[in-house]
Every structure is written in C-alpha cells, then in structure tokens.
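# Residue-level structural notes
The lines below spell out each chain.
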Amino acid sequence: MCSSDLICIEPFDASREPTDLSSEYKSCEHQFKRLKQAIFDTQDCGIEIYPFMGFALNKLNQPGELTKLQAWWEENGYSAAERSSCRNAKLCPGKAMGIKLYPPLGFNPCPENLPPAYPEFYQWCVDKDIPLTVHCQESSYCVDDRQKKACNINTHPRNWMRLFQSNPHLKNLRINFGHFGGEGQDRKSTRLNSSHQI
C-alpha cells in the first residue's frame, strides 16, 4: 500500500460535442464551474486538482470564439508568472494550468488548408506561455469505422510537423503529446517514424 502527502490530479475538462462556449450544460464553461465546485468540495482531503481546459479547435471557425476563450482564460487560467511562482509558493488548486486539445472530437490541429484562426490561437498560447496537451493516439474515441479513419488522420504526428515547418515562429509552443506515436504499434509505422522527427 502506498501513502502520500499530496495527490495532484490534472483532469481533462471538455464537452464531447462541438458546441459554442455559451451553450448551457454542454459548454466547457459550465463543465469547468462544476469541476471547480468538486475541487472546492475536496480541498480538505489532501487532493490538489490542476485541470487542463478542453477546447475543440473547430470552434475557432465561429466568429468571436478565440476572444471568448481568451477572456475565459484571463479569469480561470494561471498566467505564466503564476505558474513560475509555484517554485516558491503553492498554487491554489482549481485554476486551469493549460489547454487540452482532443482532435478525435472532429478537428485536425493543422489541416492542409489551415484556418486563419488556428495560427492565431497557437501564437496566443506562445505569447501567454500556455501549455497544451494534445491527444495523438491512433484509434481514439470513435463510434464507427468512418469516424475511426478521420480520428487517425486528425491525431497523426504529420499534422504537427506541418504546423512547425510552415510556422517556424511557433517554435516555443509548449506541447505535451499524449500517446505520441500510438500504442502497440510496429516500430516501422509511419506514425511512429513521424513522431521521432518532431
């Protein structure tokens, strides 16, 4: 049996449906409020929760969504200065530490025809030093073979190679590539080889 003075949890908080941020109950805002309440309810249990706010990039195709996200972050996310100060002082659990991108929700993080709002989002993350966690596993959350094929395209490492090759100014983008290269794959797979190149 193990014991610990501190349990740190970094949950992914996001809607499974690509609704806009103002949509009640399914919105990330609503889910984050519920998560903050759960954090408050467990604060005396020795558990510290530092969530990553989930965001579907295809929401950026709607006017004003990046501005909404930025306003939300100012109120609910840790600034780079606050994260840096945690070396000397404890952070207060509950604010968002970063943003989680989950391409199986139906978006490619860097499609061949890159929407203008995507580089603007990534540049904002660089400017604010907001860390990203991205899901890169093949055969992710899918309900049928057609969706599985789209998921595998959206989570492929070549998307990130394309982003960095065509946008060298994003070289300081902080990314944690979850399941990068896939799981249980052949060492010669193009997915795994692409992940090593990044």
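Residues numbered from 1 in each chain as written. Predicted model: local features only at pLDDT ≥ 70, side-chain atom pairs only at ≥ 80, totals over all residues. Heavy atoms only, no water.

## Side note on helix H5 (residues 145-154)
Of all the positions in H5, only Cys151, Asn152 and Asn154 are classed as buried. The buried residues of H5 all sit within an arc of 160° when viewed along its axis, so they share a single face. Among the exposed residues of H5, those pointing more than 90 degrees away from its buried face are Asp145, Arg146 and Lys149. (Buried < 20%, exposed > 50% of the residue type's maximum accessible area, 1.4 Å probe, protein only. Helix = DSSP H or I, 4+ residues; strand = E, 2+ residues; numbered from the N terminus. Arc of directions from axis to C-beta.)

## Section: the packing of aromatic side chains
The final tally for this structure, using the stated rule, is 7 aromatic pairs. A centroid spacing of 5.9 Å and a plane angle of 65° characterise the contact between tyrosine 122 and tryptophan 160, whose relative ring orientation is edge-to-face. Of this pair, tyrosine 122 sits in helix H4 (residues 117-128) while tryptophan 160 sits in helix H6 (residues 158-166), and the two are 38 residues apart along the sequence. Taken as a pair, tyrosine 122 and tryptophan 160 share a single burial class, namely buried. Taking the centre distance of 6.4 Å and the plane angle of 35° together, the rings of tryptophan 160 and phenylalanine 164 count as tilted. Taken together, the residues tryptophan 160 and phenylalanine 164, both in helix H6 and 4 residues apart, mark about one turn of the helix. Put simply, the rings of Phe55, Phe121, Tyr122, Trp124, Trp160, Phe164 and Phe177 pair up and form one aromatic cluster. (Phe/Tyr/Trp six-rings, centres within 6.5 Å; stacked < 30°, edge-to-face > 60°.)

## Side note on the confidence of the model for the protein chain
For the protein chain, per-residue confidence averages 76 on the pLDDT scale, and 66% of positions sit at 70 or higher. Scored below 50 in pLDDT, residues 13-25 makes 38 contacts in the model with residues more than four places away or belonging to other chains. (pLDDT = per-residue confidence, 0-100. Contact = heavy atoms within 4.5 Å.)

## Section: the packing of helix H2 (residues 65-76) against H4
Packing of H2 against H4 brings their axes to within 11 Å, and their N-to-C directions diverge by 20°. Compared by their axis directions, H2 and H4 come out roughly parallel. Considering only the axes of H2 and H4, their crossing is right-handed. Seen from H2, the contacting residues are Leu66, Leu69, Gln70, Trp73 and Glu74; seen from H4, they are Glu120, Phe121, Trp124 and Lys128. In terms of residue class, the contact of H2 with H4 is made up of 5 nonpolar, 1 polar and 3 charged. (Axes fitted to C-alpha atoms, helices over the stretch in contact; angles between N-to-C directions. Parallel < 35°, antiparallel > 145°, perpendicular 65-115°, else oblique. Left-handed = near helix turned anticlockwise from the far one by under 90°. Nonpolar A, V, L, I, M, F, W, Y, C, P; charged D, E, K, R; others polar.)

## Re the nonpolar core
Of all hydrophobic cores here, the largest spans 33 residues; its most connected members are Ile99, Leu101, Phe121, Tyr122 and Leu132. Put simply, the parts of the chain that give this core at least two residues each are strand E4 (52-55), H2, strand E5 (98-101), H4, strand E6 (132-135), H6 and strand E7 (175-178). Sequence-distant contacts of leucine 132, that is, excluding residues within four places in its chain, are made with Phe52, Ile99, Leu101, Phe121, Tyr122, Cys125, Leu173, Arg174, Ile175 and Asn176. (Core = buried A, V, L, I, M, F, W, Y, C linked by side-chain atoms within 4.5 Å.)

## A few points about the pattern of salt bridges
With the rule as written, the count across this model stands at 4 salt bridges. Linking glutamate 82 and lysine 95 is a salt bridge whose minimum nitrogen-to-oxygen distance equals 3.5 Å. Residue glutamate 82 is located in helix H3 (residues 80-85), and its partner lysine 95 is located in the loop between H3 and E5; the two are separated by 13 residues in the primary sequence. (Salt bridge = Lys/Arg side-chain N within 4 Å of Asp/Glu carboxyl O.)

## Brief notes about H2
Spanning 12 residues, H2 covers 16 Å between terminal C-alpha atoms, matching the ideal 16 Å at 1.5 Å per step. Every buried residue belonging to H2 is among Glu65, Leu66, Leu69, Trp72, Trp73 and Asn76, and all of these are buried. Considered in projection along H2, the buried side chains sweep an arc of 125° and stay on one side of the axis. Exposed side chains of H2 directed beyond 90 degrees from the buried face belong to Thr67, Glu74 and Glu75. (Expected span 1.5 Å × (residues − 1).)

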